[in-house]
Structures are given as structure tokens and as C-alpha cells.
Amino acid sequence: MAELPGTARVVVIGGGAVGTSVLYHLALKGWTDCVLLERNELTSGSSWHAAGNCPNASGSWSILKLQHYSTELFARLGETVDYPMNYHVTGSVRLAQSRDRMEEFHHMAGMARLNGIGFEVLTPEELKAVYPFIELHGLHGALWDPTDGDIDPAQLTQAYAKGARDLGAEVIRFCEVTGLEERRDGGWDVITNKGRITCEVVVNAAGYRAAELGRLVGRDVPCAVMSHQYLVTEGLAEIAERDAMLPLLRDPDDSYYLRQERDGLLLGPYEWQATAHWQEGLPADFSFELFPDDLERLEWYIEQACARVPLLGTVGVQRVVNGPIPYTPDGNPLIGPAPGLRNFYECCVFSFGIVQSGGAGKLLSDWIVEGEPEWDIWGLDPRRYTGYVTKSYTEAKAIELYQHEYAIGYPFEERPAGRPAKTSPLYEKFKAKGAMFGARGGWERATWFPRPQDTAEEQLSFHHTNWFDAVGEECRAVAENVGILDLTGFARFEIAGPGAATWLDGLIAGNLPKVGRVGLAYFCQPSGKILTEMTLTRLAEDRFWALGAAAAEWHDGDWLAAHLPDDGSVALTNCTANFGTLVLTGPRSRDLLSSVTDADLSSKAFPWMSARAIEIGTARLWALRVSYAGELGWELHIPMESLVTVYDRLWEEGEAFGLRDFGLYAMESLRLEKCYRSWKHDFDSDYSPLRAALDRFVKLDKPDFIGREALLREKQTGTVDRFVPLLVADGDVDALFCSTIWRNGEAVGLVTSGGYGHRLKSSIALGYVRCDLANEGEELEIEILGERRRAKVASEPLYDPANERLRA
């Protein structure tokens, strides 16, 4: 057995499919001085008992790409590393029992085709041709994935490990990590039962033990352990006689998968009676162990599967597998830097770790070696969760997610488990007004305000639904009078000190605002791609506020902290919890605000994109003359303890000016009309500011800033596509994220945001099209739920193109 080396460049902790994939991909990049530590044998956690299904399909763009990378890797890995594996590419069918499900399948098929995967939507008759044992009652059709299948998880793990060893990396088994100590040089000492190893980088790939490992460095990893059962039948002559394997079958509406296992069948439901385990702590050892069978939980699902595929009901059960699977609150794994730690990465808490292992290893090795992953994976970044994610929250969301594992991915669904987690002081007031809520970055925010004639509930659909007309009224109130919105929760950092201006100027692509002014700033990576967007307010020569999305608090905070100068000339303070934000906007906003403050709000004294300290009653606050809604307005940044007082004071005077509460859904409509980008929707780390048509925020004549050299090269060579707004032909459904843009039968772009503009009375899409088509008036089509709708490229902004209303 291999001995523990004294040093290594990277130590990967955890010897399942994911950990060994990380080791293998690091070695592929030439980082061979890497060691994997496993407390038992390889695969002894969740990998050994996994069903091993290998879907491409996902409603997430980044996960679709990740899983597709894996399935392409699996097809060649055995030969590459000289380790034969049982990998069966059988194709798969997903069944649709409703129109909504078929619409989802059309959208997923479009996403897959853009990634080079030949998904097809099948009629019931076509389904029967590829799966002859199926009964078609209640079916509208199916989704066909030609490269789905299954793999032996143990063989896959061993193949990764062999490939890594052959390249020079090491695997140390029966080596339990008992401590982790950060070194002054940014490296780590890893303490084990076999001794100590010093390394530059640590990767937590400890599966369902990830939280246990995280506690060694003071990190609360969001991880709940669920039990998932599947049963394997005895052999069937009807299957043994076939020339080809059966496609994998998933019935998402009845929540189970069914596939061939040798000459029998394997059935795995995601049951409503989801069961969390080990709430009080993990056992000292559970290697190669299972939970007791609990088939009563599965009875209804077994009956449904037998009715759908009667062949299943003709055979006995050979064995039952009931094993632990880790879940994050949203069911997506953690891949990337651990929040608040240097040189410590997470690649853990995978609910679908087998099929995601290849892509996860590739992307994390990208991040470690090259500084960023090949494509944006914000939905998997550990820093997407902030301090609101407690143990009880994680378990509540994990149970909810398990119950909805196969649920339709509707837009604007606001699931209730674990909420409210973070609330503004105005939450109860809005609740009393009947507001509907959604959680953004953990913060409860009003999404819309039902009218007396509205049904105050969430009615899910891909089409315009029960809140559409109410939101339209909210938009019109903002456009005609004045609206108020609570946007408490901005990630807020104060940057101060004698070196603040020089330091900040070197991080952003544009210019710093002058004292008393506000500016939008883009922080780029060395590759020139956008890392984040923040609103900078210059409160004094050497004092700034930097405001970002609520969900970006840990992400942006880590970036800023990592780049602080060593000389102490810049102080960085997280002020997120100290201030709330009210958006007051509309043509009568100045009149209303003037009635509650003595400040001069005229355009001469208080121009657009400026900031002033003002008083409202007993509250002292900062007013920023900006509006994401595209109307005259202000953001009022108020000490949290005064938020209710200011809101009440505005309402005392507001009725005379037609004041109305509005919610996030209205704000979404309003910002689309102004073509204002949304972070991680309309741009992410796949895009540069130049591709995103944000050239006005890039000053290449600045002597130096992060990403400048890459942007200079891109400016010279040009971009392949460019951000544009599109006006879409009328319909009762708007373009979804990742809808395909077409021209003359050729895919030429991708939608990043879609919705209805109530001021313009038009459906709107924002997205990227080939540069030669990014011209006003260009006639294109957008595929929406399988149907192509006419769309015309327009110029931005669509609403109030001269910004006269903002400047009023």
C-alpha cells in the first residue's frame, strides 16, 4: 500500500467517482504532483451503490453541458486509460402525461440541439416503436435522448484512478483526514491517521461526508443525506431474447426511472415520502453499507410502473438497494472555491455524481489550474449560498427537492420549504397587504400584489398566468404615477482608505464615478470575461459603496478580499445587513419625495446618476438617483432600523400622488423594456463586456485593469456574437431562457431573458445573435416551446430611447 508523501501540489479528499475524476483531470493538465486520500476503499460512500444512469438532459444550461461532457468522456475513457468498463449507450425516453410536460420537452430539446445533442420529441406511436413493452394510456408523447445510458460506477471510479496513477498522481486508501490547518503562505497542512501532508490546494470531494470535512475549517457545507431506493428484478426471457438493450425509461409525472439491468429491470422512484437521515450526525463508518429496505414507501410507484410496463409486474424482486445520497438545497452540487477560504475548493454533495463526475472533474481542474472554468457554473458555485443556509433549511429544501426531482421546471415557481429565511423589516407589512413572495438570495421579496379580483395563489404555467394582468397594472402605475418596491438585500460593501480609488480603478473596466456620482462597473477576469457587475457610489474621494446582487454577497466579497493590497491602504467592510433599500420610481416620484424631505430634488441640484445624503423624518439615508425601471426615480438606501418609518412616511403622503406597491415581476418587465442586463442571466463569465454590448463601460485607454489585454485582443479580432434586444410577435407565452434564435433554418443565437413589456405592449427577448445579424430591423425567429415565432432585432433601449424620463 502506498505511503503518504510529505508534500503535494493538490490534495483531493474523497475517493468516489467525483474525487477520482478531479485527480484524473488535474493530471491530464500536467498537475501530476497530486494526491487523493480516501478513508476506506474507493467508491465506499455513495458511488458503489449508485444506479449509474447517465442522462444528458437537464433544464439547466450549465448542467446540460457538464453531463454531456461526461457522457462523451465515458465513451472513450476505458480505451484511453486501458480499463474496460460496462458503459451501455441505450438511449432514453422521458414520458409526458400533460401538455405542460410536452412543452418542457420541446424547450429541453432545443437546448440540447444547441449543444450538439440530437434530442427528439416523439409521438406516442414513435415511442411505442422504440419501447415495445410500454402501454400508451394517458401519454401525450416523449423526449428521446440518443446518448443516454448507464455505466458501472465502480468501474468508472477505478478507471479515473488508473488514469490518474498512470500519469503520476497518487491514491492513498484507508487514510482518514482528521485535521486541516491553513498555513501563512496560503497552503494547507492535511493531518491524517497516516501522518501529515503539506499542499498548496485542498479539494473537498468527500460526498455525504463533505459537511463533516468542512467543519474542520469552520465551513458549514450545505448537505443533507437522503435515502434513495431502487429494486432489481429477476431475469426476464423477453429481455434476454432481444438483440439490443432497452432504452432507459423515465416517467417524470409518476416520478420513477426504469432501465434494463442484465436480463432484468431496475426501478428507482423518487417518492413523496422523502426521508432524510443522520440529522444528529454521521456514523463513524458506513462504508459499503445500506439502509434497511423500505418498499412500503414505493408501493404506489411500483404499481404505476407495472401499469405502464406490464412486463415489470410478471417478475420477482431479486434485490433492493437503499443507500445514502447527499443533497444541497437546490439539488445541484458544489463545484468551486469554498467561501472565505484561500486555496480550498469544493467538489461535493452530488445527487447525480456518476453522470456529473466527468464534467465536475474537468471544470474544477480548470478552476484550479487556469483560474476559471471553461463555462459559467454559477448555479453550482458554493458561494451561491450565504449565511441563511442553516442545517434545518438545507434539510427542508432537500426533502422538497427530492419530492420534486422530476417536477416540470416552470418559470417563476416559488417553492415554500425553508422559507422565510431572511426578511426585510417590511415583510409582515407586505404580508398583511396580501403580497405574494419569492426568495432571492435568501431574502423574501414581494413578487406581485393580487387585486381583489385575483386568485392569490401560484398558478404555474409556461404561458401568461394568473398574475399577468395584475403585474400589468403595477407597471402602468409606475409609468403613469409612482411605485414603491422593497429591494432590501443588495450585497453591499464599503471600500475606504487612501488607496481605495487607485485600487478600485485597477479592478474595473471603466472609469470611477466622481464624488457624489453613481456608476455601473464591470469587474473582469484575466480572460476578459465578466466576473461581476456592481453599482459604485462615490461617497467621498476615498470612500465608495459597491452594490451587487443579493445572491452575489459571498462571491463578490471573496473577489474583493482576495485582491486587497497588503499595505493596509484599503479597508473593505460588508454592510449588507445594515441597510434596506426602497425603490421609488415614476413620473410623480419627485413630487412625492419632495413632500417628505427638505432636500432639493431638482435635476440641477440632484441630476440623474448622482447620490445625496437626505433626511426623511428622523431617518438619515442615502438617495441614489437611479431607476432599474427606466423612469424618474430614486433608490433610497436606509438604515435597517428606519426602513419601516420611511416606508410609512411615504405612504402617508403617497396616496395623493397615486402611489402603488409593485413587485419583482413588474420590475422584470420594466427592466426588459430598458434592455438592462441581469447578472447571471444576460451575461455571466461566458461573456465579455464587448460581447454583451457594454462597450460604453469599457475604457481600453486606461493604463491597466484586470482583463484589459484580453479585451484589447478581442476588440481587434471581433466577437462571434453580440447582445441585442428583439421584439417578438404576439402570443400568450414569452421566450424562455436558452430559447434558440433562428434565421432561415439555421440556429444563430440564444435568448438570455424573455418577458412581456406592458408599457410597450409587446413580447420582448434579450439575447445574443451572430454579429452579422446584430442589426436593427433584422428579421429572425425564436423557438418558443417548439414553435417558431417571428422576432425583429431592435436597438436599445426599447423604451424611452433618449432616457428623457430618467433625466426628467
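Below is a summary of the structure that appears in this document. (Residues numbered from 1 in each chain as written. Predicted model: local features only at pLDDT ≥ 70, side-chain atom pairs only at ≥ 80, totals over all residues. Heavy atoms only, no water.)

## Topic: the overall build of the chain
A count of helices and strands for the chain gives 19 helices and 38 strands. Expected size for 808 residues packed as a compact globule is a radius of gyration near 28 Å; at 27 Å, the chain falls within 12% of this value. Each of the three principal axes of the chain carries a C-alpha extent, and together these read 85 × 65 × 55 Å. Residues counted as buried form 62% of the 808 residues belonging to the chain. Partitioning the intrachain contacts of the chain with sequence separation of at least 6 by distance along the chain shows that 72% fall at a separation of at least 24. Summing over all exposed atoms, the chain offers an accessible surface of approximately 30,200 Å²; the carbon and sulfur share of this is 48%. One way to put it: in the chain the 79 positive side-chain charges average out to a point 6 Å from where the 116 negative ones average out. (Helix = DSSP H or I, 4+ residues; strand = E, 2+ residues; numbered from the N terminus. Rg over C-alpha atoms; globule rule 2.2 N^0.38 Å. Buried < 20%, exposed > 50% of the residue type's maximum accessible area, 1.4 Å probe, protein only. Contact = heavy atoms within 4.5 Å. Areas by Shrake-Rupley, 256 points an atom, 1.4 Å probe, with all protein chains shown as cover. Lys, Arg positive; Asp, Glu negative; His and termini not counted. Charge placed at Lys NZ, Arg CZ, Asp CG, Glu CD.)

## Some words on the nonpolar core
V10, L77, V203, I335, C347 and I368 are the most contacted members of the largest nonpolar core, which totals 47 residues. The residues touching I368, leaving out its near neighbours within four places in the chain, are V10, L26, W31, V201, V203 and Y345. The next biggest cluster of nonpolar side chains, apart from the first, holds 35 residues, and it includes I484, A550, M640 and L643. (Core = buried A, V, L, I, M, F, W, Y, C linked by side-chain atoms within 4.5 Å.)

## Looking at the packing of aromatic side chains
Inspection of every chain in the model, using the stated rule, returns 32 aromatic pairs. Centre to centre, the rings of Y687 and Y768 are 4.0 Å apart; their planes meet at 15 degrees, and the pair counts as stacked. Of this pair, Y687 sits in the loop between helix 17 (664-674) and helix 18 (708-717) while Y768 sits in strand 36 (residues 762-770), and the two are 81 residues apart along the sequence. Y687 gets classed as buried once you look at its relative accessible area, which sits at 9%. One aromatic cluster is present, built from ring pairs that chain together Y257, Y270, Y327, F352, Y402 and Y406. Lying across the ring of W545, R492 places its NZ or CZ 4.9 Å from the centre. The ring of W634 carries the charged tip of R625 above its face, separated from the ring centre by 5.7 Å. (Phe/Tyr/Trp six-rings, centres within 6.5 Å; stacked < 30°, edge-to-face > 60°. Lys NZ or Arg CZ within 6 Å of the ring centre and 35° of its normal.)

## Considering helix 18
All buried positions along helix 18 are accounted for by R708, A710, L711 and E714. Take helix 18 and look down its axis: the buried residues cluster within an arc of 160 degrees, on one side only. The outward face of helix 18, more than 90 degrees from its buried face, is lined by the exposed residues R713, Q716 and T717. Its buried side turned inward, helix 18 meets strand 24 (518-524). G718 occupies a position one or two residues after helix 18 and carries a positive phi of about 90 degrees. (Arc of directions from axis to C-beta.)

## Concerning the pairing of strand 12 (residues 224-233)
Two faces, one strand: in a regular strand the side chains alternate between the faces of the sheet. Among the ten residues that make up strand 12, ten are buried, leaving the element largely enclosed by the rest of the structure. Burial along strand 12 is two-sided: the residues A224, M226, H228, Y230 and V232 and V225, S227, Q229, L231 and T233 are all buried. Relative to strand 16 (residues 276-277), strand 12 is paired through two bridges, and the arrangement is antiparallel. Looking at the pairing, M226 lines up with A276 of strand 16. Where strand 12 lies against strand 15 (residues 264-269), two bridges are found, and the strand directions are antiparallel. Across the sheet, the residue bridging to V232 is L266, located in strand 15. (Pairing = 2+ DSSP bridges.)

## Looking at the environment of T618
Take T618: it is sitting in the loop between strand 29 (611-616) and strand 30 (619-624). A relative accessible area of 72% means that T618 is categorised as exposed. Sequence separation between T618 and F133 is 485 residues; the distance between their C-alpha atoms is 74 Å.

## Looking at the sheet that holds strand 34 (residues 740-743)
Pairing is antiparallel around the closed barrel formed by six strands, whose spatial order is 33-36-35-34-37-38. Along the sheet, successive strands turn relative to each other by an average axial angle of 45 degrees, direction set aside. Of the strand pairs in this sheet, strand 33 (residues 721-728) and strand 38 (residues 787-793) are connected by three bridges, and their pairing is antiparallel. Each residue of the ladder has a partner; that of V728, found in strand 38, is A791. Sitting on the sheet, helix 3 (residues 99-114) is in contact with strand 34, strand 35 (746-757) and strand 37 (779-784), with an inclination near 140 degrees to strand 35. Seen against the sheet, helix 17 touches strand 35 and strand 36 and runs at an angle of roughly 130 degrees to strand 35. (Axes fitted to C-alpha atoms, helices over the stretch in contact; angles between N-to-C directions.)

## Examining the side chain of D734
By secondary structure assignment, the location of D734 is in the loop between strand 33 and strand 34. Notably, D734 is buried but unbridged: the nearest opposite-charge side chain belongs to R789, and the N-O separation is 5.0 Å. Among the polar contacts made by the side chain of D734, one reaches the side chain of H464 at a distance of 2.9 Å. (Salt bridge = Lys/Arg side-chain N within 4 Å of Asp/Glu carboxyl O. Polar contact = N/O pair within 3.5 Å; in protein donor to acceptor, adjacent residues only side chain to side chain.)

## Regarding the pattern of salt bridges
Inspection of every chain in the model, using the stated rule, returns 58 salt bridges. Close ionic contact of R543 with E494 constitutes a salt bridge, the shortest N to O distance being 3.3 Å. Of this pair, R543 sits in strand 26 (residues 543-548) while E494 sits in strand 23 (residues 491-496), placing them 49 residues apart in sequence. Within this structure, K29, K362, D366, E370 and E374 form a network of salt bridges that share partners.

## Notes on helix 17
Most of helix 17 sits out of view: ten of its eleven residues are buried. All of the buried residues along helix 17 are L664, Y665, A666, M667, S669, L670, R671, L672, E673 and K674.

## Some remarks on the side chain of H25
Within the secondary structure, H25 is located in helix 1 (residues 17-28). For H25, a relative accessible area of 2% corresponds to the buried category. At 2.9 Å, the side chain of H25 forms a polar contact with the side chain of Y69. With residues near it in sequence (within four places) discarded, H25 still touches Y69, L73, G358, G361, K362 and S365.

## Brief notes about unusual backbone geometry
A cis amide bond links R419 to the next residue, P420, at an omega of -5 degrees. The omega torsion of the bond from E796 to P797 falls at -5 degrees, within 30 degrees of zero and hence cis. Mapped onto the elements, P797 comes out in the loop between strand 38 and helix 19 (804-807). In this structure, W278 is a non-glycine residue whose phi angle is positive, near 60 degrees.

## Some words on the sheet that holds strand 26
In spatial order, the strands read 24-25-26-23-27; together these five strands make up an open sheet with antiparallel pairing. Of all the strands in the sheet, the pair left with one neighbour each is strand 24 and strand 27 (571-574). The average angle at which neighbouring strand axes cross in this sheet is 30 degrees, direction not considered. Two elements, strand 24 and strand 25 (residues 530-540), share seven bridges in a ladder whose sense is antiparallel. The partner of C524 across the bridge, within strand 25, is I530. Contacts from helix 14 (residues 553-562) reach strand 23, strand 24, strand 25, strand 26 and strand 27 within the one sheet, and its direction differs from that of strand 25 by about 75 degrees.

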